[in-house]
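# Structural overview for review
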Amino acid sequence: MSTVTGPPRLEDRWDLTPVFASDEAAVAELDLLAADADAFARALPSPSQLGGPALAELLERLGGLRNRAKRLSTYAELRSAEDASDPAAQDLGTLVAQRMPGIQDALRGFQLAWLDLPDDRASQLAELPEVAGDRHFLIASRRFAPHTLSAAEERALSARGGAAEQSWIRLWSEQSSALAITCDLGDGPTTQTMSEVMFGSWDMRPEVRRTAHAALREMSDGFAPTSSHCLDAVVGDRLAVDALRGYERATRSTDLANELRSEMVDAMLDAVAARTGIWRRWNTIKAGLLGVERLPVADRVAPLGEMAAMSYAEVVDQVVASFTALSDQAGRTVAGLFQDGRVDAAPRTGKMGGAFCAELDGSCGPYLLLNHSGRQMDAQVMAHEAGHGLHLARCLAAQSPLVGLPSFALVEIPSTFAELWLVQGLLEHETDPGRRLALQAGAVETAIGNVFEAAVSAQAERGCYRLKAEGLTLSVERLNELWGEQFRAGLGDSVEGEEVISRWALMPHAIMYRFYLYNYSFSCLIALALMQRLRDDPERFAARYLGYLDRGGNGTPAEVLAPLGIDLDDPGLWDEGLDEMERMVEGVGR
């Protein structure tokens, strides 16, 4: 049985010394990596002239250098996330952003040379037995060939990256991390961070939820001008680069990176749009459970039932037990995240809001950022991020650095599945009606957010690129209208009152990760379908699931998911997930 040895304490912060002993050590590694990457580029032979052993050795060196670059970038991101107001973290982030494009450019030389090869020669080399572990990397790299520029043009684009897109991302991150507002969330007027205001939206007390709703509106309205400038700049920059690369649609580069057909992504979003009745039905059910005719917009994420107050240690125990119930191996890995000092969970000013899991490499496990609120919902959030942690810990250790990391399309499936699995396990042992209702409603809310809210936000993001391509500025007013139009279409008349239409300003996804949001819909629908697979064959599911986690990005999403019985070409797949969600909605309170 996997357990955490020693009670985890909320005040504990993650220990970054396994990544780098200090900022100075990171800067020294940056200098060394730059020199090693330059030496790699200068000595790069033509792949066409290499035999199997030499090509395998070259790929191993490339993977090692890319791992080192990833570790540096992640360390800088973690330093900023724990305290964006720290001048040392700001300086390190700036330095890494300035110098990383040159390093990436040196490492890009192999890919450019590889793409220059004729198809038949590239196919011959990729089939050599010595490179079997990296075969998918070699094959998949060539999908970008039609959109790759000359070496000089690629160097020029890389060199400007730190001063273009990355500078706007850093501005958004630093400014959003500093957001705070004075309001009364139940304990008297005090300064509240963005995460604390979000937590207020889930409070059991209606007056606190309304205060939080108003505070969220004030916070997002105030930050919207800064956020719109950042989004306008990065969208304009990305479209300019798209024109150089010859992408025929704004989403194409993301779909290619995810190894998904654009038509399949469109079909998924269309399937979600056609079933928004589930979302509206849930709001109607929730209104009835709250004793009102229509659901007030400030109560859209109001908790139902009796939400248990939970200490941080209790949540950790609950989450570790859930993973252990799936597999003892999984439980040991997740327990290790807490035992090894890889979690920062206490909210504080300057710390990034929300939650995330940051990957490193096979020799240094993932790190989790959380913002514990003392509510049952924390267990779902923790399970989500621990699901990422389990996935990344396994696949990065099992696979070559060049194929270990899953694509964005795959990376959210284990995290979403972990939430669903956690709730199912808790419901099996919970007999109190109030707590059962809280668990059921929490799972539904998460699925609604991942599928419907993410999908309409993804459609709004598509609208951003459409407007910018027409030569229009992404002003606050236009972004409010884009986001509001999509949410009004999804919610219909199932809620009463005005949504915080500037909430887009507090969402990092469109700025940091282009067209990331549809991955939540994609992943949640597949995770919902997997819950059905689990019920159909529980004895064989765990082993297949761990095998899927181990594979990481070593294959297309269709190839990686096939052993779990998922067929991405099946047009009924999305309705299968939506049907499972509908069953969850109708089962609340039973």
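Residues numbered from 1 in each chain as written. Predicted model: local features only at pLDDT ≥ 70, side-chain atom pairs only at ≥ 80, totals over all residues. Heavy atoms only, no water.

## Observations concerning the overall build of the protein
To keep it simple, the criterion reads: Note on conventions: DSSP H or I runs of at least 4 residues are helices, E runs of at least 2 residues are strands, and numbering of each starts at the N terminus. For the radius of gyration, the atoms used are the C-alpha atoms, and the globule rule reads 2.2 Å times the number of residues raised to 0.38. Relative accessibility under 20% of the residue-type maximum defines a buried residue, over 50% an exposed one, and the middle range a partly exposed one, all with a 1.4 Å probe and only protein chains included. Contacts between residues were defined by any pair of non-hydrogen atoms, one from each residue, lying within 4.5 Å. Surface exposure here means Shrake-Rupley accessible area, sampled with a 1.4 Å probe, where a residue is shielded only by the protein chains that are shown. Counting rule applied: Lys, Arg positive; Asp, Glu negative; His and chain ends not counted. A charge is said to be at NZ when it belongs to Lys, at CZ for Arg, at CG for Asp and at CD for Glu.
When you go through the protein residue by residue, the secondary structure sums to 23 helices and seven strands. Rg of the C-alpha trace for the protein: 24 Å, near the compact-globule value of 25 Å for 590 residues, within the 12% margin. For the protein, the C-alpha atoms occupy an extent of roughly 75 × 55 × 50 Å along the three principal directions. Buried positions account for 56% of the 590 residues belonging to the protein. Once local pairs closer than 6 in sequence are excluded, the contacts in the protein between residues at least 24 apart make up 78%. Looking at the protein as shown, the accessible area adds up to about 23,600 Å², and 52% of this sits on carbon and sulfur atoms. Across the protein, the mean location of the 55 positive side-chain charges is 2 Å away from that of the 85 negative side-chain charges.

## Points about the pattern of salt bridges
What counts is decided by this rule: Whenever Lys or Arg places a side-chain nitrogen within 4 Å of a carboxyl oxygen from Asp or Glu, that contact is recorded as a salt bridge.
For the structure shown, the criterion picks out 43 salt bridges. Taking the shortest distance from any N to any O, the salt bridge between Glu29 and Arg68 comes out at 2.8 Å. Of this pair, Glu29 sits in helix 1 (residues 23-42) while Arg68 sits in helix 2 (residues 52-82); the two residues are 39 residues apart in sequence, bridging distant segments of the chain. With a relative accessible area of 24%, Arg68 lands in the partly exposed category. Among the salt bridges present, the one from Asp232 reaches Lys468, with a minimum N-O distance of 2.8 Å. Of the two residues, Asp232 sits in helix 9 (residues 206-245) while Lys468 sits in helix 17 (residues 433-469), which places them 236 residues apart along the sequence.

## A look at the confidence of the model for the protein
Low-pLDDT portions of the prediction should not be read for the details of their coordinates. Quick reminder of the rule: In predicted models, pLDDT denotes the confidence assigned by the predictor to each residue on a 0 to 100 scale.
Per-residue pLDDT for the protein averages 92, and the proportion of residues at 70 or more is 98%. For the protein, helix 6 (residues 151-160) is the element with the lowest average pLDDT, namely 81, and helix 1 is the one with the highest, namely 97.

## Digging into the sheet that holds strand 6 (residues 367-369)
Our working definition: Should DSSP find at least two bridges between two strands, the strands are taken to pair. Each axis is a line fitted through C-alpha atoms, taken for helices only over the stretch in contact, and angles between the N-to-C directions span 0 to 180 degrees.
Pairing is mixed in the open sheet, where three strands are placed in the order 4-6-5. The strands lining the two open edges of the sheet, one partner per strand, are strand 4 (343-344) and strand 5 (356-358). In the sheet, strand 5 pairs with strand 6 via three bridges, with the strands oriented antiparallel. Pairing of Cys357 across the sheet is with Leu368, part of strand 6. Running over the sheet, helix 2 touches strand 4, strand 5 and strand 6 and is turned about 150 degrees from strand 5.

## Points about the packing of helix 15 (residues 377-398) against helix 16 (residues 408-429)
Spelled out, the test is: For classification, angles of less than 35 degrees are called roughly parallel, those exceeding 145 degrees roughly antiparallel, those between 65 and 115 degrees roughly perpendicular, and all remaining angles oblique. Two helices cross in a left-handed way if the nearer one is turned anticlockwise from the farther one by less than a right angle. They cross in a right-handed way if the turn is clockwise. In this classification, Asp, Glu, Lys and Arg are treated as charged, Ala, Val, Leu, Ile, Met, Phe, Trp, Tyr, Cys and Pro as nonpolar, and every other residue, Gly included, as polar.
The geometry of helix 15 relative to helix 16 is characterised by a closest axis approach of 7 Å and an angle of 135 degrees between their N-to-C directions. Between helix 15 and helix 16, the interaxial angle falls into the category oblique. Crossing handedness for the pair helix 15 and helix 16: right-handed. Contact residues: helix 15 offers Ala379, Gln380, Ala383, His384, Gly387, His388 and His391, while helix 16 offers Leu410, Val411, Glu412, Pro414, Ser415, Thr416, Ala418, Glu419, Leu422 and Val423. A per-class count over the contact of helix 15 with helix 16 returns eight nonpolar, seven polar and two charged.

## A word on the pairing of strand 1 (residues 180-184)
Only one face of strand 1 is covered, namely the one carrying Ile181 and Cys183; the face carrying Ala180, Thr182 and Asp184 has none of its residues buried. Bridge count for strand 1 against strand 2 (residues 189-193) is five bridges, and the pairing is antiparallel. The residue of strand 2 that forms the bridge with Asp184 is Pro189. Linking strand 1 to strand 2, which pair antiparallel, is a turn of four residues; within it Gly186 sits at a positive phi near 110 degrees.

## What about the nonpolar core?
Rule in force here: Working definition of a nonpolar core: buried Ala, Val, Leu, Ile, Met, Phe, Trp, Tyr and Cys residues. They are joined through side-chain atoms within 4.5 Å.
Counting 137 residues, the largest nonpolar core has Phe417, Phe522, Leu568 and Trp574 as the members making the most contacts within it. Broken down by element, the residue count for this core peaks at 17 residues, all from helix 17. Excluding its chain neighbours within four sequence positions, the residues that come into contact with Trp574 are Met264, Met268, Ala271, Phe522, Leu525, Ile526 and Leu568.

## A word on the state of the cysteines
Selection rule: When the sulfur atoms of two cysteines come within 2.5 Å, that pair is taken as a disulfide.
Overall, the coordinates contain zero disulfides when judged by the stated rule. The thiol of Cys364 is not disulfide-bonded; the next cysteine sulfur, from Cys357, is found 12 Å away.

## Description of the packing of aromatic side chains
Heads up, the rule is: Note on ring pairs: Phe, Tyr and Trp rings are taken, using the six-membered ring of Trp, and paired if centres are within 6.5 Å. Classes follow the plane angle, with under 30 degrees stacked, over 60 edge-to-face and the rest tilted.
For the structure shown, the criterion picks out 20 aromatic pairs. Ring geometry for Phe20 and Tyr75: centres 5.3 Å apart, planes at 75 degrees, overall edge-to-face. In this pair, Phe20 sits in the segment before helix 1 while Tyr75 sits in helix 2, placing the two residues 55 residues apart along the sequence. Taken as a pair, Phe20 and Tyr75 share a single burial class, namely buried. Ring centres of Phe417 and Phe541 lie 5.5 Å apart, and the angle between their planes is 35 degrees; this geometry places the pair in the tilted category. Here Phe417, found in helix 16, pairs with Phe541, found in helix 21 (residues 538-551); they are 124 residues apart in sequence, far enough to count as distant. Aromatic ring contacts, followed pair by pair, group Trp279, Phe452, Trp483 and Phe487 into a single cluster.

## Thoughts on unusual backbone geometry
We note that Glu259 has phi near 60 degrees; this positive angle belongs to a residue other than glycine. Mapped onto the fold, Glu259 is located in the loop between helix 10 (252-258) and helix 11 (262-274). Even without being glycine, Phe515 reaches a positive phi, approximately 50 degrees. One can find Phe515 in the loop between helix 19 (509-512) and helix 20 (518-536). Exposure remark for Phe515: the relative accessible area of 3% places this residue in the buried category.

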